[in-house]
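# Examining the three-dimensional arrangement
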Amino acid sequence: MKRFLHFLASFLSAVLLVCILFTMPASAEETQDMSRSQGLQYYVSDAAGILSREKWENLEHEAERVSQQYGCGVYIVTVQDYRDYISGSVRNCAEAFYSQYGLGLGENRDGSLLFLSMADRDYSLIAYGPGAHYAFTDYASGWLAEGFLDNFRQNDWYGGFSDYIKGCEQLLSRAASGNPLDQPQSNRSGVDHGMGALITALVSSLTALGVCQGMKRKMKPVRQKTSAEDYVVRGGIDLRLKRDVFLNRTVTRTVIRTDDRNTGSHSGGHFGGTTVNSGGFSGHSGKF
Amino acid sequence: MASKLTNYQCPSCTGPLRYDGTIGRLQCDYCGSSFATEEIEHLYQEQLQHAEQAAAEEVAAAIHAAEQAQPEESADWDGENEGMRLYNCPSCGAELVFDSTTAATSCPYCGNPTVVPSQFHGMLRPDYILPFHISREEALKSLKEYYRGKPLLPKRFADANHLEEIKGVYVPFWLFDGRAVGDMSYRATRVHTVQHGNEMITTTEYYDVRRAGSVAFTRIPADGSRKMPDELMDSIEPFDFSDLKPFSTAYMPGYMADIYDVDDRESFERARTRGENTAERIFDSSVSGYATVTPTGRNMKLLRERTAYALLPVWMLSTKWNGKNFIFAMNGQTGRFVGDLPVSSGRYFAWFAGIAAAVALPLAWFFFG
């Protein structure tokens, strides 16, 4: 019975979301661009109902403008609880939405999706298609998230979505000029410059200090002896009691956690670039 | 009151004899003759016995004088009361004042090596002596070699270094035989980790470990001279005691020698610490195969079994630089050379900067290149 109720709730939620996604155009703006995608008709789909009509319209307008300008869809989807749609992670749900609703522009279906699940404050930011991967590198994705997460943490949904769209515009603009936001390719370590400088200073100083202190110790070899190993009589060690008694045993079990991001294949590794999983998506997930 | 000195003279030319550690014989620098220590001992046996008898009489007279002395008389200056003694050089007759612990030295006027046999009378007579094997020239050479390969040594120290003094000294040592007896307890753990599905299962087993027994030691040395820095004497160890000889003053001409002024009970405390520490380490090392071992109880005691008094050979070298004395010691048997050296701050920081730069360059290339 319980399982049936859960199934029913999930089904109704899914029907409701689909209805919202596909009925919004009729009740909203008339500025549909039929060429942009084959499924989802709007760039901003607020199934969680966290945006007012006016704000939704503003965001939709901006998202459409940026998407059309750069040929790469900029999408926002909000739901109440992603678990109503899929049993998996929020990332899996975002990818499923992108795939099932045919998001993306052009023949490669390039696009970026910011997916919010309000129940447990989960988000996933994903990108699809070679054009999007070029613009939304791992580094750029992190930078983009930094821009909207501070708004979301204060429940400023509109501000966060605005920052996301503006951030996407900047990233797409840079990519269009052939200069996507990324770590310098020549940085072999994948460590940022500040940390690199700190590591360099620490390692070089500690190594030099260790070597110099060793040299200094050689200059001061005179010290009082505290042991007498040289004077132990050969065969003079008599350990008449060697007793090792088992007392008790404790067992601890630790669950091995796996990171969503490690489930896919890597194209960029740790040297900048974009990490793309086997489904063709890049991006990351987290809490806001 | 002048005490008696003995000056070993060459039976051929009456020149002063000196013990040459490199050939193990007494050598005459004047006629070039050399003699086995046994030969000279035999020749001087009578003289030594006479000296010992005179020393005994001297001690008895001193005790009697002390008993008879009036309080106002002790206010007069008396070299012996100040820890000094007056001697006459048997070669040139000069009056010599030495430290009361001096047992062998050389006359500052004629340079002849002299021995004070009365210093080795009764309880003060060592059981053993370890003869010098390393010559003065080898000691000087070792000092120069010691400066090599020391990049932090101030260049001017090595260049303008003037040796203030070099002397071969028979240093009084107590040699302690003993047995460290004790028991120790530990709490130890063994840890096994296995992965089962998505779980890591860690099993920790706890053990109560006990060790008891003994460790025998032979001839743990502790110097019995307050003049000699303990850490310097410790640092020239070890000596090879298989080469110990029954004590004879015939090994002493040409070297300085002191008698002990730290008694065996006081010196044993140092040997006790060393022996007990070593026994504890041996017990500790027998506890193996565990992930962690924590000592929970220690009870170790070094029981003293036998004590020997020996004179051991040490070359002492001293230099002065920037108004500071630097003392070096060399094991006169094995040649082990030690001594603290000054450190040049400039060189230290130059090396520091050089090494830091050498390490930083490839790192910088890796991070920023």
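Below you will find a few notes about this structure.

### Focus: the overall build of chain B
Check the secondary structure of chain B and you find 6 helices and 16 strands. For chain B, buried positions account for 48% of its 369 residues. When contacts within chain B are restricted to residue pairs at least 6 apart in sequence, those whose partners lie at least 24 apart make up 73%. By element, 51% of the accessible surface of chain B is carried by carbon and sulfur atoms, the whole surface being about 17900 Å².

### A short note on helix H2 (residues 136-147) of chain B
Residue and element names in this part refer to chain B. An ideal rise of 1.5 Å per residue puts 16 Å on 12 residues; H2 measures up with 17 Å between its terminal C-alpha atoms. Listed as buried for H2 are Ala139, Ser142, Leu143, Tyr146 and Tyr147. The buried residues of H2 occupy an angular sector of 140 degrees when projected down its axis, which confines them to one face. Along H2, the residues that are exposed and aim more than 90 degrees away from the buried face are Glu137, Lys141 and Lys144. Positive backbone phi, at 65 degrees, marks Gly149, one or two positions downstream of H2.

### Thoughts on the interface of chain A and chain B
Listed per partner, the contact involves 58 residues of chain A and 73 residues of chain B. Linking chain A with chain B are 5 salt bridges. Between Glu205 of chain B and Arg249 of chain A there is a salt bridge, with its nearest N and O atoms 3.2 Å apart. In this structure, the connection of chain A to chain B is made through 27 residue pairs in polar contact (both at pLDDT 80 or more). Those elements giving two or more residues to the side of chain A that touches chain B turn out to be helix H7 (193-219) and strand S5 (232-255) of chain A. Looking at the side of chain A that touches chain B residue by residue, the class counts come to 25 nonpolar, 18 polar and 15 charged.

### Here's the deal with a nonpolar patch on the surface
On the surface, Met195, Leu198, Leu202, Val203, Leu206 and Leu209 of chain A cluster together into a nonpolar patch covering about 530 Å² of accessible area. Secondary-structure assignment places Val203 of chain A in helix H7.

### A look at the packing of aromatic side chains
In total, this model carries 41 aromatic pairs over all chains according to the counting rule given. A centroid spacing of 6.2 Å and a plane angle of 25 degrees characterise the contact between Phe239 of chain B and Phe241 of chain B, whose relative ring orientation is stacked. Classification of Phe239 of chain B by relative accessible area gives buried; the value is 6%. With a relative accessible area of 10%, Phe241 of chain B lands in the buried category. Considering the side-chain rings of Tyr348 of chain B and Phe349 of chain B, the 5.5 Å spacing of their centres and the 80 degrees angle between planes classify their relative orientation as edge-to-face. Looking at Tyr348 of chain B, the relative accessible area reads 10%, which means it is buried. For Phe349 of chain B, a relative accessible area of 55% translates into the label exposed. Ring pairing ties together the aromatic residues Tyr123, Phe148, Phe152, Trp157, Phe161, Tyr164 and Phe288 of chain A, which thus form one cluster. A cation over an aromatic ring shows up here: Arg219 of chain B above the ring of Tyr128 of chain B, its NZ or CZ 5.3 Å from the ring centre.

### What about the nonpolar core?
By size, the foremost hydrophobic cluster in this structure holds 93 residues, and its most contacted members are Tyr170, Met233, Met252, Trp315 and Phe328 of chain B. If you count residues domain by domain, this core takes at least three from each of domain 1 (2-125) and domain 2 (136-348) of chain B. Counting 53 residues, the second largest nonpolar core, distinct from the first, contains Tyr75, Ala94, Ala145 and Leu149 of chain A.

### Thoughts on the sheet that holds strand S4 (residues 34-35) of chain B
One open sheet holds the 3 strands; their spatial order is S2-S3-S4 (chain B), and the pairing between them is antiparallel. Whereas interior strands pair on both sides, the edge strands pair on one side only; in this sheet they are strand S2 (17-20) and S4 of chain B.

### Structural notes on helix H6 (residues 345-368) of chain B
Here H6 of chain B spans 32 Å end to end across 24 residues, near enough to the 34 Å set by a 1.5 Å rise per residue. Roughly 25 degrees is the biggest bend found in H6 of chain B, and it falls at Ala360 of chain B, with proline Pro362 of chain B one to four residues downstream. Within H6 of chain B, the full set of buried residues consists of Tyr348, Ile355, Ala356, Ala360, Leu363 and Phe367 of chain B. Close packing links the buried residues of H6 of chain B with H7 of chain A.

### Considerations on the packing of helix H2 (residues 53-70) of chain A against helix H6 (residues 157-176) of chain A
Residues and elements named next belong to chain A. For the pair H2 and H6, the least separation of the axes is 10 Å and the interaxial angle reads 10 degrees. Classified by the angle their axes make, H2 and H6 are roughly parallel. Seen from H2, the contacting residues are Lys55, Asn58, Leu59, Glu62, Ala63, Arg65, Val66, Gln69 and Tyr70; seen from H6, they are Tyr158, Phe161, Ser162, Ile165, Glu169, Leu172, Ser173 and Ala176. A per-class count over the contact of H2 with H6 returns 9 nonpolar, 4 polar and 4 charged.

### Observations regarding the environment of Cys72 of chain A
All names here are of chain A. One can find Cys72 in the loop between H2 and strand S2 (73-79). Assessed through its relative accessible area of 3%, Cys72 is described here as buried. Each C-alpha atom, one on Cys72 and one on Gly106, is 7.6 Å from the other, the two residues being 34 residues apart in sequence. Here Cys72 is in contact with Ser67, Leu105, Asp110, Gly111, Ala132, Phe136 and Leu172, once residues within four sequence places are set aside.

### Some remarks on the side chain of Asp110 of chain A
Residue and element names in this part refer to chain A. Structurally, Asp110 is set in the loop between helix H3 (90-100) and strand S3 (111-117). Nearest to the buried, unbridged Asp110 among oppositely charged side chains is Arg109, at 9.3 Å. Separated by 3.3 Å, the side chain of Asp110 and the backbone nitrogen of Ala132 make a polar contact. Those residues within four positions of Asp110 in sequence are excluded, and the remaining contacts are Gly71, Cys72, Gly73, Tyr98, Gly104, Leu105, Tyr128, Gly129, Pro130, Gly131 and Ala132.

### Describing the packing of helix H5 (residues 138-153) of chain A against H6 of chain A
Residue and element names in this part refer to chain A. Axis separation between H5 and H6 bottoms out at 7 Å; the angle between their running directions is 160 degrees. As judged from the angle between their axes, H5 and H6 are roughly antiparallel. Considering only the axes of H5 and H6, their crossing is right-handed. Residues Ala140, Trp143, Leu144, Gly147, Phe148, Asn151 and Phe152 of H5 touch H6, and the partners they reach there are Trp157, Gly159, Gly160, Phe161, Asp163, Tyr164, Gly167, Cys168, Gln170 and Leu171. A per-class count over the contact of H5 with H6 returns 10 nonpolar, 6 polar and 1 charged.

### Side note on unusual backbone geometry
The omega torsion across Glu237 of chain B and Pro238 of chain B is 5 degrees, close enough to zero to call that bond cis. Phi angles above zero are rare outside glycine, and Arg121 of chain A is one such case at about 55 degrees. Phi is positive for Arg219 of chain B, close to 55 degrees, though the residue is something other than glycine. Here Arg219 of chain B lies in strand S11 (residues 199-223).

### Side note on the sheet that holds S3 of chain A
Residue and element names in this part refer to chain A. Pairing within the open sheet is mixed, and its 5 strands lie in the order S1-S2-S3-S4-S6. Strands with a single pairing partner mark the edges of an open sheet, and in this sheet they are strand S1 (44-46) and strand S6 (281-287). On average, adjacent strands in this sheet sit at an angle of 10 degrees to one another, irrespective of strand direction. Pairing of strand S4 (residues 122-128) with S6, which is carried by 7 bridges, proceeds in the antiparallel orientation. For Ala127, the partnering residue across the bridge sits in S6 and is Ser282. Along the sheet, H2 contacts S1 and S2; its crossing angle with S1, the most-contacted strand, is approximately 150 degrees. Running over the sheet, H5 touches S3, S4 and S6 and is turned about 150 degrees from S4.

Rules behind the numbers
- Residues numbered from 1 in each chain as written.
- Chains lettered and ligands numbered in written order.
- Predicted model: local features only at pLDDT ≥ 70, side-chain atom pairs only at ≥ 80, totals over all residues.
- Heavy atoms only, no water.
- Helix = DSSP H or I, 4+ residues; strand = E, 2+ residues; numbered from the N terminus.
- Buried < 20%, exposed > 50% of the residue type's maximum accessible area, 1.4 Å probe, protein only.
- Contact = heavy atoms within 4.5 Å.
- Areas by Shrake-Rupley, 256 points an atom, 1.4 Å probe, with all protein chains shown as cover.
- Expected span 1.5 Å × (residues − 1).
- Arc of directions from axis to C-beta.
- Salt bridge = Lys/Arg side-chain N within 4 Å of Asp/Glu carboxyl O.
- Polar contact = N/O pair within 3.5 Å; in protein donor to acceptor, adjacent residues only side chain to side chain.
- Nonpolar A, V, L, I, M, F, W, Y, C, P; charged D, E, K, R; others polar.
- Patch = residues over 30% accessible without salt bridge, like charges linked within 9 Å, V, L, I, M, F, W, Y side chains within 5 Å.
- Phe/Tyr/Trp six-rings, centres within 6.5 Å; stacked < 30°, edge-to-face > 60°.
- Lys NZ or Arg CZ within 6 Å of the ring centre and 35° of its normal.
- Core = buried A, V, L, I, M, F, W, Y, C linked by side-chain atoms within 4.5 Å.
- Domains from an automatic or database assignment.
- Pairing = 2+ DSSP bridges.
- Bend = angle between axes of the 7 residues up to and from the residue.
- Axes fitted to C-alpha atoms, helices over the stretch in contact; angles between N-to-C directions.
- Parallel < 35°, antiparallel > 145°, perpendicular 65-115°, else oblique.
- Lys, Arg positive; Asp, Glu negative; His and termini not counted.
- Left-handed = near helix turned anticlockwise from the far one by under 90°.

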